[in-house]
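# Commentary on secondary and tertiary structure
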Amino acid sequence: MSTKRIEISKEDLDRERDIMEQVAEINSRLPSPPLALVDTYGCQQNEADSEKLRGMLKMMGYSMTASEAEADIIVINTCAVREHAEQRVLGNVGALTHTKKEKPSQLICLCGCMMQEPGMAERIKSSYRHVSLVFGPHVLWRFPEYVLRLLRGEKRIFAAEESDGVIAEGLPSARDSAVKAWLPIMYGCNNFCSYCIVPYVRGRERSRLPGDVEAEARRLAGAGYKDITLLGQNVNSYGRDLDNGVDFADLIRRIDAIPGDFLIRFMTSHPKDAGERLFAAMAESKKCARHIHLPFQSGSDRVLKAMNRRYTREGYLELIRLARSYMPDVVLTSDVIVGFPGETEEEFEDTLSLVREVRFDALFTFIFSPRTGTPAAKMPDPFTRREKQARFDRLIALQNSVSEEKHRSYVGQVRRVLIDGEDGEYLTSRTSGGRLVRLAGDRSLIGQFKDVRITDSNTWALYGQLI
Ligand code: SAM
Ligand code: SF4
Ligand code: F3S
């Protein structure tokens, strides 16, 4: 599929920077800095976008708050991937009528994937009258001008036009963590899996230039980030739209060559495009985490075909064998959908048997959620929610027993972990494979790599001691 690459011009981005200064000027006249809250739903791509929204808000003179009641501006960055996520968003937006009533000057803004769905902006316009601004992911870079227009008295702005998507370089970003960073390398998706709304709301695949990605990775490493996750819906097709001969395996090698002690992670890989070049680059890299998140979605060939995934069960298993031949200790995680339209008991058993055969370290499991506009939403779906839930529970029980066994095999081993935060009485850390290790220690260790001896485990985590 050919893509027209639209990079936002420097002039346009400079204009938004000027606008940020104008807003900061307006805000500086207030007795104290105004407060902003950004609430994020969905995937890491949205987390990365929210860091940009916070970066822009800070440049416009806002301080961050966690209080909806106190916020002068609330931005809700939405996800459309499953109905449940949408309902949560709409419920929370509805509840904001109260804060708006108490504070009529409050600006309530909705952005992200849900806003790009056909009819959604109209629905917000007519049924959620306390919302001031709606904008889609393709115009995120124009957020400052919308804020300025609202501050100047415009009542409501709706900006969620159809677009194949753009690339906006150089937006400020206020990162959540000082240890781990998201690094989007591409946007959008061309795969049109029959159940998935992402290609409709996020536009076509477009890659950032390798030089831009590398420069950002260099800045992150220089700033002391220890864990850099390269983001894309299908990182294995990185560069196909650029025609410069650089593919994802090359990109890993280039980032691996950047000086510094940091881990390179990435998500997500699509099995149809993953292969030997990727595994070789990972195995030869010093910094690449020994972890692949490789969603299989279903273990049945009939269902995989109906999902338009473009690989077979055997092709997937072969890929796993290949990955393990390059990296025997690689940690494997995956996504799986239960209850795809028409999935029979036998086909579900194929998913269970694949899970038994691969023995993933962890699984992200979802019950199929029909998304209007996708082919799967129109497929006959004779099984009830209850039947699907029962299958889902069986899958979770199986995976939990595998995760528990896998975790137990770590006990007694020494692993290098990155200490990344704290949780109650424990410090939290991750192995190269991304397994959570809780340990006792001082919070001054956050941001450091340390060797730990694994002393205990359960289904979800490992426990360790610093050595
Ligand atoms: N691009 C990634 C890939 O193909 O592996 C996945 C991105 S999607 C945001 C994350 C996961 O959500 C998918 O792997 C799939 O398991 C799940 N998902 C997507 N659409 C869904 C739907 N309509 N119902 C249930 N789960 C869905
Ligand atoms: Fe959705 Fe498939 Fe694209 Fe992943 S690869 S975002 S599941 S269409
Ligand atoms: Fe959701 Fe959009 Fe991500 S639909 S999962 S936030 S790309």
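Residues numbered from 1 in each chain as written. Chains lettered and ligands numbered in written order. Predicted model: local features only at pLDDT ≥ 70, side-chain atom pairs only at ≥ 80, totals over all residues. Heavy atoms only, no water.

As a further point, take the site of ligand 3. Looking at ligand 3, the residues that line it are Gly-42, Cys-43, Asn-46, Cys-79, Ala-80, Val-81, Cys-113, Arg-202 and Gln-233. Here the shell around ligand 3 is built from residues that sort into five nonpolar, three polar and one charged. (Near = heavy atom within 4 Å. Nonpolar A, V, L, I, M, F, W, Y, C, P; charged D, E, K, R; others polar.)

Here the focus is the pairing of strand β19 (residues 462-466). Here strand β17 (residues 436-439) pairs with β19 via three bridges, running parallel. Bridging from a neighbouring strand, Arg-438 pairs with Tyr-463 of β19. Where strand β18 (residues 449-457) and β19 come together, five bridges link them in antiparallel fashion. Across the sheet, residue Arg-453 finds its bridge partner in β19, namely Gln-465. Counting the residues that bridge the hairpin from β18 to β19 gives four residues. (Pairing = 2+ DSSP bridges. Helix = DSSP H or I, 4+ residues; strand = E, 2+ residues; numbered from the N terminus.)

Moving on: the domain arrangement of the chain. Under the domain assignment, the chain is made up of domain 1 (10-159), domain 2 (177-289) and domain 3 (414-466). On a C-alpha basis, the centres of domain 2 and domain 3 stand 26 Å from each other. If you look at the interface, domain 2 gives nine residues, while domain 3 gives 12 residues. Here domain 2 packs against domain 3, burying approximately 750 Å² in sum over the two surfaces, 61% of which is carbon and sulfur. (Domains from an automatic or database assignment. Contact = heavy atoms within 4.5 Å. Buried area = accessible area lost by both parts, 1.4 Å probe.)

Here we come to the sheet that holds β17. Taken together, five strands build a closed barrel; the order of strands is β15-β16-β17-β19-β18 and the barrel is mixed. Put simply, the sheet's adjacent strands are angled 55° from each other on average, direction ignored. As judged from the six bridges shared by strand β15 (residues 414-423) and strand β16 (residues 426-431), these two strands associate in the antiparallel manner. Within the sheet, the bridge partner assigned to Asp-423 lies in β16 and is Tyr-426. (Axes fitted to C-alpha atoms, helices over the stretch in contact; angles between N-to-C directions.)

For Tyr-200, the location among the structural elements is in helix α6 (residues 198-202). Look at Tyr-200 and you get partly exposed, because its relative accessible area is 38%. In contact with Tyr-200, not counting residues within four places along its chain, are Phe-192, Gly-373, Thr-374 and Pro-375. (Buried < 20%, exposed > 50% of the residue type's maximum accessible area, 1.4 Å probe, protein only.)

Further remarks concern the site of ligand 2. Taken together, Cys-189, Asn-191, Phe-192, Cys-193, Tyr-195, Cys-196, Val-198, Pro-199, Gln-233, His-270 and Arg-309 are the residues near ligand 2. Class assignment of the residues belonging to the shell around ligand 2 gives a composition of seven nonpolar, three polar and one charged.

Moving on, we get to the side chain of Gln-45. Relative to the elements of secondary structure, Gln-45 occurs in helix α2 (residues 44-59). Aside from chain neighbours lying at most four places away, what touches Gln-45 is Pro-184, Met-186, Tyr-187, Arg-202, Leu-231 and Gly-232.

The next point concerns the packing of helix α8 (residues 248-256) against helix α9 (residues 276-284). Taken N-terminus to C-terminus, the directions of α8 and α9 make an angle of 10°; their axes are 8 Å apart at the nearest point. Classed by the angle they form, the pair α8 and α9 counts as roughly parallel. Contacts between α8 and α9 pair Phe-248, Ala-249, Asp-250, Ile-252 and Arg-253 from the former with Arg-277, Leu-278, Ala-280, Ala-281, Met-282 and Glu-284 from the latter. (Parallel < 35°, antiparallel > 145°, perpendicular 65-115°, else oblique.)

Let us now look at the layout of surface pockets. Put simply, the second largest pocket is a space of about 470 Å³. As for the second largest pocket, its lining consists of 28 residues, of which Arg-290, Asp-329, Arg-415, Ser-432 and Gly-433 are closest to the centre. Only β15 and β16 provide two or more residues apiece to the lining of the second largest pocket. Of the residues forming the lining of the second largest pocket, the biggest block, four residues, is contributed by β15. (1 Å grid on protein atoms, 1.4 Å probe; cavity = no way out; pocket = protein on both sides within 12 Å on 5 of 7 lines; lining within 4 Å. Points joined across faces, edges and corners; volume = space filled by probe spheres on them.)

A word on the environment of Cys-113. Secondary-structure assignment places Cys-113 in the loop between β4 (107-112) and α4 (120-127). Expressed as a C-alpha distance, the spacing of Cys-113 and Ser-353, which sit 240 residues apart in the sequence, is 34 Å. For Cys-113, the contacting residues outside a window of four places in its chain are Asn-46, Thr-78, Cys-79, Ala-80, Pro-137, Val-201 and Arg-202.

Time to look at empty space enclosed by the protein. Within the structure shown, the criterion is met by three cavities of 30 Å³ or more. Roughly 200 Å³ of internal volume is contained in the largest cavity. Considering the residues around the largest cavity, the lining is formed by 13 residues, among which Asp-49, Pro-137, Leu-140, Val-166 and Tyr-187 are closest to the centre. Looking at the lining of the largest cavity residue by residue, the classes come out as eight nonpolar, one polar and four charged.

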